Amino acid sequence: MYQVIASAGNRTFKLWKSLLLRKYREKEKAYLIEGGNLLRDAYRSGTEVRALIFCGDLTPEERDDLLGPELAACVRECRTPLYGLAEDLFGELTQTENGRAFLACVSMPERSLADLGEKRDPARRASVLVLDRVQDPGNLGTLIRTADAAGFAGVILLNGTADPFAPKVVRAAAGSLLRLPLVTVAGPQELLAAARSLKLTTVATGLAKAVPYTKAELGQGIALIVGNEGRGVAEELLREADLTVTIPMTGGIDSLNVSIAAAVLMFESLRQEEQNKRN
């Protein structure tokens, strides 16, 4: 099926445009992705691609040329509905300055805390990243991407954290959003109970009674908690965490961007895990 849409009043176009807002993404359980790399990741991860949206009224040959052989084959195999969208309407959906040749509407994954356990290798006590009210979309996307790169099993988001399916987060996460389980929990007590059920050591970032991260045991099986850009980790979590770590600094700087700090700690965790394997 290939349908061309030229009117802003079209019901399908209005649905796609509504997905630029969080409340409609949550209502429809869907969001938009842009470009070939994310579309490829969506098919590879088994994500449902509800619609593939091209800029303009293209012939089948033009569509295949834009997609390339691998994606064109996926589209045909999955029988993905295809749409051509008038250029001005397409511009209302794209979030990048230079634009993309196509967009896709994809389903949000349904994840639970059980998925974090199922994704873990029984021979490896894999770790998870916990985000406590992280607000900046760029930071959030970078944190998710870095957790994927460092081999973490998933990401737990406490209420108050930015929407992980917002367009800026989707771009910053660069496909990791489609691979890594993301689970939202209501608050600190639910998080702590989840960490206990998964047999994870809770490690919070902070200053009071903190251990330098290089002297902490971070090698495997941790729930690494990083906090809000301005306020840090909630006091309740700092009180009840198994361990608090800090990153020693020199010069006039007393803190790091949350995504940078988390990257340092996650790759230290990976380094220690690899070292433990060799010993």
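Our structure's up above, just so we're on the same page.
Okay, so let's go over this structure. What you see is a predicted model, and the numbers here were worked out from it, not measured in a lab.

Here is what the cut-offs are and how they apply
- Residues numbered from 1 in each chain as written.
- Predicted model: local features only at pLDDT ≥ 70, side-chain atom pairs only at ≥ 80, totals over all residues.
- Heavy atoms only, no water.
- Patch = residues over 30% accessible without salt bridge, like charges linked within 9 Å, V, L, I, M, F, W, Y side chains within 5 Å.
- Areas by Shrake-Rupley, 256 points an atom, 1.4 Å probe, with all protein chains shown as cover.
- Salt bridge = Lys/Arg side-chain N within 4 Å of Asp/Glu carboxyl O.
- Lys, Arg positive; Asp, Glu negative; His and termini not counted.
- Charge placed at Lys NZ, Arg CZ, Asp CG, Glu CD.
- Helix = DSSP H or I, 4+ residues; strand = E, 2+ residues; numbered from the N terminus.
- Buried < 20%, exposed > 50% of the residue type's maximum accessible area, 1.4 Å probe, protein only.
- Core = buried A, V, L, I, M, F, W, Y, C linked by side-chain atoms within 4.5 Å.
- Contact = heavy atoms within 4.5 Å.
- Phe/Tyr/Trp six-rings, centres within 6.5 Å; stacked < 30°, edge-to-face > 60°.
- Lys NZ or Arg CZ within 6 Å of the ring centre and 35° of its normal.

A short note on a negative patch on the surface
Phase 1: A cluster of acidic residues, Asp57, Glu61, Glu62 and Asp65, forms a negative patch on the protein surface.
Phase 2: For Glu61, the location among the structural elements is in helix α4 (residues 60-78).
Phase 3: In this structure Glu61 comes out as exposed when scored by relative accessible area, which is 53%.

Comments concerning the nonpolar core
Phase 1: If you look at the biggest cluster of nonpolar residues, it comprises 55 residues, and the most contacted ones within it are Tyr31, Leu39, Leu52, Leu67 and Leu129.
Phase 2: Ignoring anything within four residues of it in the chain, the contact list for Leu39 reads Ile33, Val49, Leu52, Leu67, Leu71, Phe102 and Ala104.
Phase 3: One finds Ala153, Leu158, Val185 and Leu198 within the second-largest nonpolar core, a separate group that totals 20 residues.

Description of the packing of aromatic side chains
Phase 1: Summed over all chains, the structure comprises three aromatic pairs.
Phase 2: Summarising the aromatic geometry, the rings of Trp16 and Tyr83 are spaced 5.0 Å apart at their centres and angled 85° between planes, so their arrangement reads as edge-to-face. With Trp16 in helix α1 (residues 11-18) and Tyr83 in strand β4 (residues 82-85), this pair connects stretches of sequence that are 67 residues apart.
Phase 3: You can call Trp16 buried: its relative accessible area is 2%.
Phase 4: Lying over the aromatic face of Tyr2, Arg63 brings its terminal NZ or CZ to 3.9 Å of the ring centre.

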